[in-house]
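A structural walkthrough
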Amino acid sequence: MGFQIGFPILSVMLAVPLAAAVLCLFLKAPAARMVALAATLADLALGIVLWANYDVGGAQWQFTERANLFAGFQYALGIDGIALMLIVLSVFLMPICILASWESIDKRVGEYMAAFLLMETLMIGVFCAQDLFLFYIMFEAGLIPMYLIIGVWGGANRIYASYKFFLYTLLGSVLMLIAMLWMVNVAGTTSIPALMTYDFAPEAQTWLWLAFFASFAVKMPMWPVHTWLPDAHVQAPTAGSVILAGVLLKMGGYGFIRFSLPMFPDASAQFMWLILGLSMAAVVITSLIALVQHDMKKLIAYSSVAHMAIVTAGLFAFNVQGLEGAMVMMLSHGLVSGALFLCVGVIYDRLHTREIDRYGGLSINMPKYALFFMLFTMASIGLPGTSGFVAEFVSLAGVYQASSLATLVLTTGIILGAAYMLYLYCRIAFGVQKNADAAAMRDLNAREWAMLAPIAAAVLWMGVYPESFLAPMRKDIATLDIRLAKVAPAGDAKPKEGKPHAYPANAVHHESGDAASATRDLEAH
Amino acid sequence: MGFASSLWFTGAEVGLSLAGLVLLLVVAWTSHSSARLITILSVAALFGAVVFTGVELWQTSPAGDAFGGLYRVDAFGSFAKVLIYLATIACLIVTPRFFEESGAYRGEYPVLMLFSAVGAGMMVSATDLMTLYIGLEMSSLSSYVFASFLKGDWRSNEAGLKYFILGALASGIILYGMSLVYGFSGSTDYGQIRAAFDSSFPMGALFGMVFVLTGLAFKIAAVPFHMWTPDVYEGAPTPVTAFFASAPKVAAVGMLMRMALGPFGGEAEAWRQIVIFASLASIVVGALGAIGQQNLKRLLAYSSINNIGFLLVGLAAATPAGAAGVVTYLAIYVPMTVGSFIALLMLRDAEGKPLETFADISGLAVTRPALAWCLMLLMFSLAGIPPLFGFWAKFVVFQAAVQADLVPLAAIGIAASVIGAFYYLKFIKVMFFDESGRAPEAGSPAGHWAVLAVCVLAISPLGYFATPWLSGVANSAAAALFAIA
């Protein structure tokens, strides 16, 4: 087997955190922290190597590895541009998560780090699996470390949240397994690239699509099955929220773009209005809910649901802009919501409350913090120059081609988004310092700088020059668009060719001979 | 087939029976102090039987009848026997310590275990109703004694009595069904019954088949004939419960498979709906019943009902793939269930009193981390969460069901498994999330740890490395089942 860069890089990226996870189980707290940080940084370096060696515009599946394991299972890895970007996002966020847990986690540190590192292995595995069942195993196994992270290190109501998270997502996924078994039985292959070009019978597609939808809609999460998310976010430790919002939610979007759309195009077109309808409902309803939250994390959690709704709408617009916008939205949201949770974590570590009312006027005593927080707030709203703008603009431009009504409603969500984010920022950073303890908080330390600055740089980079992130995905999205072309809806916003007037409406007629007819014409207008 | 080859084919049973008889004499003429020695010798005898059966299975792998068609050696029987013997060994290793503390351990116990294993081996190898019944009773009668082995404990006595009465009832139902089957087919031989039923299947024979299946449902504790299980599992001494949940269960499932796919194999359409109902009912009742339980053994009893439901999904497919799925499931179920019960056995407080309820094990991850991690892996495996090996067990049976066009069964079954996941998660929640209110507890003997480690390794993701071998064995075992007709 010839490797693109001399060694099986994807396997190494899976193995490094896994080995470190096992090691962490047996280490004392300080050593476990160092091992976890070293392993995640090593994976980040490997991720950069991966990106640097990715051949943009080359073969669709790169860095492929394949080994036959046993009956029906294959250890098949490989990535396309979409997977590459999501893997890079995961490995980028992981060292930041470890840093975020450096001081705030003080009990059972070894087990905590082990859970996080295992999580990293499974996330990368989800994005690079090319075997249907390998994907499923990675997808499902992610529940175990997250359940432990929420349950052991979470907040006061952690047990309820951990159960809800686990059972909700498990119920969504098991039906997908049955659908996968059926698909493999019919198509005779477990290879994802092969299945992506396999044409299932249209009647069967409906059921298969629904089974996959059950899983991805919960993971995404789409309204109305989003209710596990606010609970899980609020109770999880900061780093857990970052990973949950940054990467785990992306598995839902990745699932749609990797499975639902290319494998069941007919059913996808059939259910387009289901998705658009749910997305429209989600954007408006969850934005309104976010407006009235008193808990910072809950507010950001609801804003995640609203942003993810724009992703689903973009995906089901069946055109290049929609798909690209959805992908940029996923990357941007991964960075921005992760950063917002980190910002909440920074002040939570100082005051141990998420109540918005307990803060106020932080821009006076924490100016650097206020600056970062403002940047991420603006990125979340979609201010030009930040990643959020690119994401929202491109995806809504795509949705507009499919349905102007949906775009209208989704855009309302952006206005509401500005409302709740600015309101949040105003209550926390501006105004008088009404709480003495909040006013006494110190500004960012070096560790927190190291967490927030890279994300801020990435957010600006994506906002100013999104081409770096779009280029690797362009060919894959074009391939998908071709596959979807035959089912793409006509759309109601196509420019219609009108009947041109003989002369401009403001024409001034000088020819005296024609005066009478010109007057008639003007009257006719 | 000559007499010599018949004896060779039944070598494991003959050897174990002889060992049992000799050891019984030793027990009769020596004091109680020899009990430990008898146990070691019994384990050695069982180990010999494993090696003998294993050699038969892999090296010579004959498919032959012994004693004129009363008994058959094939890949299925040998595989089930190896599982039964190994489970019996595991239970024997952890037993003496438990009874010695109450001074109740006696040499009869390992000897009875040997006879029970012989009976279980005959159940899965029988190809004649007579042999089957003898094996069934031999295994069951020993089990009744185990359940009430703690003579001074009223719970143990109650368990023994309940087990005896309901077991006898089940045996009676099976016997009645067998008489009908014999009456309508004119033979007790599996092959001849199949031939007779293939040509005509009168209503009376249908009744006979339903009675036999009902009795077997009692034995494997499938809903709606599961009521005895929680009481017996809770009341019986823990090592005995571990045994009940493993070896006799494998034997009963093996015998059910042989009956359903052998003599009744031509009537799959007739029994499939019964099996589908029992399967879904077991999955749902096993999951819902467990939710309110506080006693850990009772909870695991419901868990075993739940697992039987998944096993029956494979049987409902009535295909070689389904049979192979059941065989694989059994191979994974045995270490899962034995491991869980042994972990429970190792839970004792500082005075050596067993911990039996959820309240007792709260915060176990702090007081005994290694044990808590083992239990966590076992519970996730029982819940069928990948990457643990329990996932593979569920995977193969559901795959078989989907291939046999039983998609609704598979979908309902797997959705109901989420209910089951709730109480497995509760185990983990209590151990890992709750605060501990107690001091660290006493450690456990090395023998317990060894057996637990083997079980946990078997169900860990490392188990997947065994799958090429396991699928090969399961496929040949399944093929043997279908070759019987």
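Residues numbered from 1 in each chain as written. Chains lettered and ligands numbered in written order. Predicted model: local features only at pLDDT ≥ 70, side-chain atom pairs only at ≥ 80, totals over all residues. Heavy atoms only, no water.

Here we come to the overall build of chain A. Of the regular secondary structure elements, chain A holds 23 helices and two strands. For 525 residues, the compact-globule estimate of 2.2 N^0.38 gives 24 Å, and chain A sits close to it at 25 Å. Evaluated residue by residue, chain A yields a buried proportion of 63% over its 525 residues. Taking the contacts inside chain A whose residues are at least 6 apart along the sequence as the reference set, 82% of them involve residues at least 24 apart. (Helix = DSSP H or I, 4+ residues; strand = E, 2+ residues; numbered from the N terminus. Rg over C-alpha atoms; globule rule 2.2 N^0.38 Å. Buried < 20%, exposed > 50% of the residue type's maximum accessible area, 1.4 Å probe, protein only. Contact = heavy atoms within 4.5 Å.)

Next up on the list: helix H4 (residues 75–102) of chain B. All names here are of chain B. If you check H4, its first and last C-alpha atoms are 42 Å apart, about what 28 residues at 1.5 Å a residue would give, namely 40 Å. The sharpest bend along H4 reaches about 35 degrees and sits at Thr 95, with the proline Pro 96 one to four residues further on. Taken from the residues just after H4, Gly 103 is the one with a positive phi, measuring 70 degrees. (Expected span 1.5 Å × (residues − 1). Bend = angle between axes of the 7 residues up to and from the residue.)

A word on the packing of aromatic side chains. Residues and elements named next belong to chain A. Under the counting rule described, the total for this entry stands at 63 aromatic pairs over all chains. Summarising the aromatic geometry, the rings of Phe 213 and Phe 256 are spaced 6.3 Å apart at their centres and angled 50 degrees between planes, so their arrangement reads as tilted. Highlighted residues: Phe 213 in helix H9 (residues 202–219) and Phe 256 in helix H11 (residues 238–263), separated in sequence by 43 residues. Judged by its relative accessible area of 0%, Phe 256 falls in the buried class. Seen in terms of ring centroids, Phe 373 and Tyr 425 are 5.4 Å apart; in terms of plane orientation they differ by 65 degrees. Their pairing is edge-to-face. A residue pair is termed long-range when its members are at least 10 positions apart, and Phe 373 in helix H17 (residues 367–381) and Tyr 425 in helix H19 (residues 404–429) qualify at 52 residues. Residue class for Phe 373 comes out buried when judged on its relative accessible area of 1%. (Phe/Tyr/Trp six-rings, centres within 6.5 Å; stacked < 30°, edge-to-face > 60°.)

A separate point is a nonpolar patch on the surface. Residue and element names in this part refer to chain B. A cluster of nonpolar side chains, contributed by Phe 3, Leu 7, Val 14, Leu 18, Leu 21, Leu 24, Phe 67 and Leu 70, occupies part of the molecular surface with about 690 Å² of accessible area. Every element with two or more residues in the nonpolar patch is listed here: helix H1 (3–9) and helix H2 (11–29). The greatest single-element share of the nonpolar patch, amounting to four residues, is contributed by H2. (Patch = residues over 30% accessible without salt bridge, like charges linked within 9 Å, V, L, I, M, F, W, Y side chains within 5 Å. Areas by Shrake-Rupley, 256 points an atom, 1.4 Å probe, with all protein chains shown as cover. Salt bridge = Lys/Arg side-chain N within 4 Å of Asp/Glu carboxyl O.)

With that out of the way, let us pick up helix H9 (residues 203–220) of chain B. Residues and elements named next belong to chain B. For H9, with 18 residues, the first-to-last C-alpha span of 26 Å sits near the 26 Å given by 1.5 Å per residue. With 13 of 18 residues buried, H9 lies mostly within the body of the structure. Positive backbone phi, approximately 60 degrees, marks Ala 221, located one or two places after H9.

A few words on the interface of chain B and chain A. Taken together, the contacts link 35 residues of chain B with 32 residues of chain A. For the pair chain B and chain A, the summed buried surface comes to about 3100 Å²; carbon and sulfur atoms form 82% of the total. Considering only the surface of chain B that becomes buried against chain A, Val 418, Leu 425 and Phe 433 of chain B emerge as the three largest contributors, covering 21% of it. Across the chain B-chain A interface, the total number found is zero salt bridges. Mapped onto the side of chain B that touches chain A, the elements with two or more residues apiece are helix H15 (364–367), helix H16 (369–383), helix H17 (389–403), helix H18 (407–433) and helix H20 (467–483) of chain B. When grouped by side-chain class, the residues that make up the side of chain B that touches chain A number 28 nonpolar, four polar and three charged. (Buried area = accessible area lost by both parts, 1.4 Å probe. Nonpolar A, V, L, I, M, F, W, Y, C, P; charged D, E, K, R; others polar.)

Residue and element names in this part refer to chain A. Along the chain, Arg 258 falls in helix H11. For Arg 258, the side chain forms a polar contact with the side chain of Asp 80, separated by 2.7 Å. Among all residues touching Arg 258, those that are not within four sequence positions of it are Trp 61, Asp 80, Ile 82, Ala 83, Ile 192, Met 196 and Met 263. (Polar contact = N/O pair within 3.5 Å; in protein donor to acceptor, adjacent residues only side chain to side chain.)

Turning next to the nonpolar core. Phe 135 and Phe 376 of chain A together with Trp 271 of chain B are the most contacted members of the largest nonpolar core, which has 398 residues in total. The element contributing the most residues to this core is helix H15 (residues 320–351) of chain A, with 18 residues. Discounting residues that sit within four places of it in the chain, Trp 271 of chain B has contacts with Met 209, Leu 213, Ala 260, Leu 261, Phe 264, Leu 315 and Ala 318 of chain B. (Core = buried A, V, L, I, M, F, W, Y, C linked by side-chain atoms within 4.5 Å.)

To continue, consider the environment of Ala 161 of chain A. Residue and element names in this part refer to chain A. As for its position among the elements, Ala 161 is in helix H7 (residues 158–187). Judged by relative accessible area, which is 0%, Ala 161 ranks as buried. Discounting residues that sit within four places of it in the chain, Ala 161 has contacts with Ile 150, Asp 231, Ala 232 and Gln 235.

This paragraph deals with the packing of H17 of chain A against H19 of chain A. All names here are of chain A. Two numbers describe how H17 lies on H19: the axes approach to 9 Å, and their chain directions differ by 170 degrees. In terms of orientation, H17 lies roughly antiparallel with respect to H19. Every pair of crossing elements has a handedness; the one defined by H17 and H19 is right-handed. Side by side, H17 and H19 meet where Ala 370, Leu 371, Phe 373, Met 374, Thr 377, Met 378, Ser 380 and Ile 381 of the first sit next to Ile 414, Gly 417, Ala 418, Met 421, Leu 422, Leu 424, Tyr 425 and Ile 428 of the second. Considered class by class, the residues forming the contact of H17 with H19 number 13 nonpolar, three polar and no charged. (Axes fitted to C-alpha atoms, helices over the stretch in contact; angles between N-to-C directions. Parallel < 35°, antiparallel > 145°, perpendicular 65-115°, else oblique. Left-handed = near helix turned anticlockwise from the far one by under 90°.)

This paragraph deals with the pattern of salt bridges. Charged atoms that come close allow side chains of opposite charge to pair. All names here are of chain B. A full pass over the atoms with the stated rule returns 23 salt bridges over all chains. Notably, a salt bridge pairs Arg 298 with Glu 234, separated by 2.7 Å at the nearest N-O pair. Separated by 64 residues along the polypeptide, Arg 298 in helix H13 (residues 296–317) and Glu 234 in helix H10 (residues 228–235) bring together distant segments of the chain. Across the pair, Glu 234 and Arg 298 agree in class, each one buried. By sharing partners, the salt bridges in this structure join Arg 155, Glu 158, Lys 162, Asp 231, Glu 234, Arg 298 and Glu 356 into a single network.

Let us now look at the confidence of the model for chain B. Detailed reading of the predicted model is not advised wherever pLDDT is low. For chain B, the average pLDDT comes to 86, and 97% of its residues sit at 70 or higher. The complex prediction reports pTM at 0.88, with the ipTM value standing at 0.85. (pLDDT = per-residue confidence, 0-100.)

Here we take up the environment of Asp 357 of chain A. Residue and element names in this part refer to chain A. Relative to the elements of secondary structure, Asp 357 occurs in the loop between H15 and helix H16 (362–365). Residue classification places Asp 357 among the partly exposed residues on the basis of a relative accessible area of 42%. Each C-alpha atom of the pair Asp 357 and Lys 297 lies 13 Å from the other, and the pair is 60 residues apart in sequence. Other than its neighbours up to four places away in sequence, Asp 357 contacts Lys 434 and Asn 435.

Residues and elements named next belong to chain A. Where helix H1 (residues 9–25) meets helix H4 (residues 109–128), the closest approach of the two axes is 7 Å, and the angle between their N-to-C directions is 165 degrees. Overall, the two elements H1 and H4 adopt an arrangement that is roughly antiparallel. As H1 runs across H4, the sense of the crossing is left-handed. Contacts between H1 and H4 involve Leu 10, Met 13, Leu 14, Pro 17, Leu 18, Ala 20, Ala 21, Cys 24 and Leu 25 on the former and, on the latter, Gly 110, Glu 111, Met 113, Ala 114, Leu 117, Leu 118, Glu 120, Thr 121, Ile 124, Gly 125 and Cys 128. Taken together, the residues that form the contact of H1 with H4 break down as 15 nonpolar, three polar and two charged.

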